[in-house]
Amino acid sequence: MAFIRKRRLERELYSKERFSLLLLNLEEYYFEQHTANHIINKGCRDERKFRGSLKICSKSIIFEPDDNIQPIIKIPLRDCISIKAPEDNETSNPFMRDTSGRFSVVCNQVFLIKERNIIAPYKTVRGRTEHLFQLDVAGKLGDVVQNLHQLYRASCLDKMGDQAAMITAILQSRLARTSFDKNRFQSISETLHMECKAEMVTPLVTNPGHVCVTDANLYFQPLNGYPKPVVQITLQNVRRIYKRRHGLMPLGLEVFCTENELCSDIYLKFYNYQDRDELYFLIATYIENHITEHTAESYMLQWQRGHISNYQYLLHLNNLADRSCNDLSQYPVFPWIIADYSSSVLDLTKPETFRDLSKPIGALNKERLDRLLTRYREMPEPKFMYGSHYSSPGYVLFYLVRVAPEYMLCLQNGKFDHADRMFNSLAETWKNCLDGATDFKELIPEFYENDSSFLVNSLKLDLGKRQGGKMVEDVELPPWASGPDDFLQKSQEALESQYVSEHLHEWIDLIFGYKQKGSEAVAAHNVFHPLTYEGGVDLNSIMDPNEKVALLTQILEFGQTPKQLFTIPHPRRIIPKLKSLSRTSSHSVSIAESPVSPNEESFEDLTEESITLAWNNIAKLKLDEQYKIHKEAITGIAVTCSGSSVFTTSQDSTLKMFSKESKTIQRSVSFSNMALSSCLILPGDTTVISSSWDNHIYFYSIAFGRQQDILMGHDDAVSKICWRDGRLYSASWDSTVKVWHCVPGEISSNKKHHFELLAELEHDVSVNTIDLNAANAILASGTKEGTISVWDVTTATVLHQLPCHSGTVFDAAFSPDSRHLLSTGEDCCFKVIDVQTGMLISSVTADEPQRCFKWDGNTILSGSQSGELQIWDLLGGKVVERIKGHTGAVTSMWMNEQCNSVITGGEDKQIMFWKLQY
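K.L.:
Break down the packing of helix α7 (residues 310-320) against helix α13 (residues 498-511) for me, with residues and values.
P.N.:
Contact pair α7 / α13: the axes reach a minimum separation of 11 Å and the direction vectors enclose 15°. Here α7 lies roughly parallel to α13, going by the angle between them. Seen from above, α7 lies across α13 with right-handed handedness. Contact with α7, carried on its side by N310, Y313, L314 and L317, involves V500, S501, L504, W507 and I508 of α13 and no other residues of that element. A per-class count over the contact of α7 with α13 returns 7 nonpolar, 2 polar and no charged.

Right, here's the structure in full:
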C-alpha cells in the first residue's frame, strides 16, 4: 500500500535520526534545533555529557542524543517548574553576561523515548528532576531561553483556545521574520510567480514553512529545516491536483506526480483560501495539457464499462471526496466485502460469502439495529443512530499499528492500546463490527493491496499480553487463507468478483452518494453524528476560541464523513455478457441445452467481434469517394440494405437517390420549396420517408418513383424522424415529439397510409433531435435550449430531464447496450447520461462544436463544425485522431451495421464515402 511504502521510504531516508515530528503532541509545532550537550550529575565525580540535538517545540523540549542507546528526552513545557541559566542571580539582564551556553530545566515529569532505539511505549519519569543543557553556540542562549519562557507561558494558560491562539501568534511572528531562500531555486533563470506561508501536512503532523512557485517548480521550505531544507516538485511532472478540506476548512491542496497512486507527493495547508486558490490556479494553468482534476462522473463511466477495476474506482472516489492518506481523520475508506471468516475454503460463487453492501455496518445485525433505533427515536434533536464513525484516525491505526507504531504512540500519548483491543484476528474484528455496541468501522485500502506487512509483526513490537497470557503477534487469519499474501490475494478476488461488481453501487450510495444525508440516510439507517458531515459546523461562526479548539479536536479524532459526490442513485456496473449464465443465477443450463456449442461461435458472436475490430481500428478510416450532389447543406443520409442506393436530403428541398454503382444521381425529388431535414428507408427498401421544414412528413415510393403519402403531423418544422417496428417517431420545432402507428397503403390501388397518433411527448421548446434505444422502449430528445429528456415511450412519461448543454443539442444517441446516452451541442461539449439513473456521468469539451456522431459506448466518431472527422477516446476525454474531410460543417453521418463503412454529408453540399483500411 502507498501509505506503507511512503513511510518505509521515509525511514530509509532519515534512518540516522530517531527524532520525528511524531514525537510531538497533536497540533504541536517544531520550531528550531540546536547542537547541545545534556549534562548529567553536574559537578560530581561521575558527571557525564551526552552530545545531541536540542529541539524547541511549541509545547515541549526534546533532546535527541547522538548515542542511540540513550533515550530521547521529552519535557512537556506545561510540566516545567523553571527554565533558567545557572548564572542567573536575579539581575536585570543576566543572559548578556552568560557565555557558557548552559541553562537548566526543572520539571516534575519527563518522557523517555526509543531507548536503545527500540520503538515502545514511552517511559514516564514522575517527580522533580533537573536537566542541564549546554549549547554549542553560547551566543544563542539568550534567545533560546527567552523563546522557551514565551512558549512556557502559552502552555500554562488554562484554556486550550488561549493556548492555541498564543502559539499561533508566535508561529506567525516567526514566519513573518523569514522568507523563502531563493538560493534554493534549481536554476538562476527561474521566475518567481508566488510566495506565501503554508504548512506541509503528513499524518497527524503539520510542518509550517514557506511555499514558492516559479515557472518551473513548486517549493516548500520548512521553517525548521526538517526533514530536509527544501521540498521541490517539478511542475512538468505534476499529473493531478486536488483542493482539499482540512480541519473542516477549505484550505488544503494536494499535488500528485502519478496517475493512480493514493499517496500524494505533497499536501499543503494554507492560512487563507485565497493563497490556496491562487496556487491551484498557477499549477492548473501550467499543466493545462494534463487533466488537472477528474470528476466522479468521468471515473464512473470508466468503471461502468470495465476500464477500471472496483478497487481503482473506490480509490478515485475517495480521492475526490477529500480522503487522503496524509490526513488520518479523512483516510480512504473501503468496505468489508467478505462475511465468511470460518470456512476452510472461500467460495466466491455463494452470495452468503459476502457482506450485504446495501446496508451500513451498523445495520447488518438486526437485533443491534433495533436497540439503536429505539435509542434514536427517544433522542432529542439533533439525532444520530451511531455514536462512533466508520472511519477515524484510531481505526486506521488499529489496522496499521504493526507497520506504523509511532503513529499509534503519537495518537495515544505514548501508549499502545490494551492488548485485547488490538487488531488480533480477522474473525474477531468482523464479529465485533457485527455485534459490538459501538463498533461500526469499515476497512482501509490496505486490505485490497499487495503489501501484507500490516498483518505481520515484523518489527517484533511488544504490543502486550492478552488475557490468557498470549502475546500479541501476527494477525490471526481465517482458515481459508494460507498466509498473509494469500489473504490479500483472495480479498482482491472478492472485491473484483461478479457479486461485488453487481452490488458495489449500493455501498457507494451509502458512503459517497444520495443515502449519505437527509431522509434517504434515515431510511437506510445511515445517520451519524451531525458534526461528522461536511457543513455540519461552521468554525468561522464560532467566536469563542476555546469552544472552537475543543470542537475541532472532537471532530478530527471522531472521524469525518466523506464529501458527498452523488445526490441521485449511483448506476450499476455493466456486467459483460457471458455465454454461460451468471454464477449467481438460480437457474442452470447444460451445455447440451445451450444454443452455443462450446467449440463454435454463433453468427452474433462473430458479428460482435467484427464490430469490435472495426471500432478498434476506426482511426484507419480513409476517404474512398466524394460527390457534390446538392445545392445546399445535406441534412440526412439513408442507404438501402444492399448498399447500392444512397438517399440524401438537403436544405435545397430535394430528396436525391445516388447510385453507388453508376456513381450518378438517378432521382431527384422535391416535395415543396422548404428544406428537408432528415430521411430514412422503411424495411424492404420500398419506401423513403423525408421530414420537412414545411411541417410535413413525406412518403416516397422507390418502386413507383412517386410521392406516396403526406403526414401533416406538426405545427412547425419537423426536425428528425425515426422508424421502429411499424411506428414512426417525429420531432418538431413545435415543441413535441409524436409517436405514430402507420398502416401502409396499397400503392397499386392508390390507398393511402393510415396514421394513428399513439403518443405526444410535450416539451417546453423546439425539439432538434431524437433517438430510440435498442428495445424501442426509451426515447431521448434534445432541444434548441440544450435540454436532454429521456422518455418511457410505453407510458409517454418523462424519466429524466437534464439541462445538459448551453445552446442547441445537435445530436443524441444511445450506446449499443442502451445503458448510456451521448449528446453533443452548440456548446462544444459531449455529455454522457446514465439512462437508468439519469445521472450526468461524463462531460468532455471539444475545441469546436461537433455536429453529428456515431459511437460504440467508448469511442466516438464525430463530424465537426470545421469539416473534420474526429475520433474521441471518451473515457480519456481526448481526441485521438483528426481526419480531414469536408469544407464546412459535417451535418449528417451514416454508418453500416458492421461499422466499417461510413458516409458523411456536409455544408459543402457533398457526400463522402469512407472505408476502414486495416
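Alright, that's what it looks like, and here's the rest.
K.L.:
Can you lay out a negative patch on the surface for me, pointing to particular residues and giving the numbers?
P.N.:
Side chains of D158, D162, D544 and E547 sit close together on the surface and give a patch of like negative charge. Among the secondary structure elements, D162 is positioned in helix α4 (residues 160-176). Residue classification places D162 among the partly exposed residues on the basis of a relative accessible area of 32%.

K.L.:
Mind laying out the packing of helix α3 (residues 141-155) against α4, listing which residues take part and the relevant values?
P.N.:
Between α3 and α4, the shortest axis-to-axis distance is 8 Å and the interhelical angle comes to 155°. As summarised for this structure, α3 and α4 are arranged roughly antiparallel, according to the angle between their axes. Along its contact with α3, which presents N147, Q150, L151, R153, A154 and S155, the element α4 presents Q163, M166, I167, I170 and R174. Among the residues forming the contact of α3 with α4, the class breakdown is 5 nonpolar, 4 polar and 2 charged.

K.L.:
Mind laying out the environment of L463, listing which residues take part and the relevant values?
P.N.:
Examined against the element boundaries, L463 turns out to sit in the loop between α11 (426-435) and α12 (484-495). Along the backbone, L463 and T124 are 339 residues apart, and their C-alpha atoms lie at a distance of 18 Å. Those residues in contact with L463 that sit more than four places away from it in its chain are V401, R402, F416, A419, M422 and V472.

K.L.:
So, the state of the cysteines: which residues are in play, and what are the values?
P.N.:
The tally for this structure, following the rule as stated, stands at 1 disulfide. For C263, the disulfide goes to C325, at an S-S distance of 2.0 Å. Residue C263 is found in the loop between β13 (249-256) and β14 (266-270), and its partner C325 is found in the loop between α7 and α8 (366-378); the two are separated by 62 residues along the sequence. For the unlinked cysteine C156, the closest cysteine sulfur is that of C80, found at 8.2 Å. Of the cysteine sulfurs around C829, a residue in no disulfide, the closest is that of C828, at 6.9 Å. On the basis of relative accessible area, C829 is assigned to the buried category, the value being 11%.

K.L.:
How would you summarise the sheet that holds strand β29 (residues 778-783) if you had to cite specific residues and measurements?
P.N.:
Strand pairs in the sheet, formed through backbone hydrogen bonds, run parallel or antiparallel to each other. With respect to topology, 4 strands assemble into an open sheet ordered β28-β29-β30-β31, the strand pairing being antiparallel. Whereas interior strands pair on both sides, the edge strands pair on one side only; in this sheet they are β28 (767-772) and β31 (797-803). Along the sheet, successive strands turn relative to each other by an average axial angle of 20°, direction set aside. Alignment of β29 against strand β30 (residues 787-792), held across 5 bridges, turns out to be antiparallel. Within β30, the residue paired with L779 across the bridge is W791.

K.L.:
With reference to specific residues and values, describe the pairing of strand β39 (residues 878-883).
P.N.:
When strand β38 (residues 869-873) meets β39, the two strands line up antiparallel, connected through 5 bridges. Opposite L869, over in β39, you have I883 as the bridge partner. Taken together, β38 and the strand that follows it, β39, pair antiparallel across an intervening segment of 4 residues, in which G877 is found at a positive phi of about 70°.

K.L.:
Give me the lowdown on the nonpolar core, citing residues and values where you can.
P.N.:
The biggest cluster of nonpolar side chains holds 122 residues, and the ones touching the most others in it are F447, F512 and F566. If you look at the next biggest cluster of nonpolar residues, it comprises 29 residues, including Y29, I73, I83 and A85.

What counts, and where the lines are drawn
Within each chain, residues carry numbers counting from 1 in the order of the written sequence. Under the rules for a predicted model, residues below a pLDDT of 70 receive no local features and side-chain atom pairs below 80 are neither given nor counted, while totals for whole chains, interfaces and linings still include all residues. Side-chain figures throughout are based on the complete set of non-hydrogen atoms in the structure, without hydrogens or water. Orientation is described by axes fitted as lines to C-alpha atoms, over the contacting stretch for helices, and by angles from 0 to 180 degrees between their N-to-C directions. Starting at the N terminus, helices and strands are each numbered in turn, a helix being any DSSP run of H or I of at least four residues and a strand any DSSP run of E of at least two. Just so you know how the angles are binned, under 35 degrees is roughly parallel, over 145 roughly antiparallel, 65 to 115 roughly perpendicular, and the rest oblique. Left-handed describes a crossing whose near helix is turned anticlockwise from the far helix through less than a right angle; right-handed describes the clockwise counterpart. Throughout, a residue-residue contact means that at least one pair of heavy atoms, one from each residue, lies within 4.5 Å. Throughout, the ten residues Ala, Val, Leu, Ile, Met, Phe, Trp, Tyr, Cys and Pro are labelled nonpolar, Asp, Glu, Lys and Arg are labelled charged, and all others, Gly among them, are labelled polar. Only residues above 30% relative accessible area that lack a salt bridge enter a patch, with like-charged residues linked at up to 9 Å and the nonpolar side chains Val, Leu, Ile, Met, Phe, Trp and Tyr linked at up to 5 Å. Surface accessibility in these figures is a Shrake-Rupley result with a 1.4 Å probe; residues are shielded only by whichever protein chains are displayed. When a carboxyl oxygen of Asp or Glu is within 4 Å of a side-chain nitrogen of Lys or Arg, the pair counts as a salt bridge. Positive charges come from Lys and Arg alone, negative charges from Asp and Glu alone, with His and the N- and C-terminal ends not counted. Just so you know, the charge point we use is NZ for Lys, CZ for Arg, CG for Asp and CD for Glu. Buried residues are those whose accessible area, probed at 1.4 Å on protein chains only, stays under 20% of the maximum for their type, while exposed residues exceed 50% and partly exposed ones sit between those limits. Two cysteine sulfurs form what is called a disulfide whenever their separation falls within 2.5 Å. For two strands to count as paired, DSSP must find a minimum of two bridges between them. For our purposes a nonpolar core is just a set of buried Ala, Val, Leu, Ile, Met, Phe, Trp, Tyr and Cys residues, chained together by side-chain atoms within 4.5 Å.

So yeah, pure geometry; function would need other evidence.
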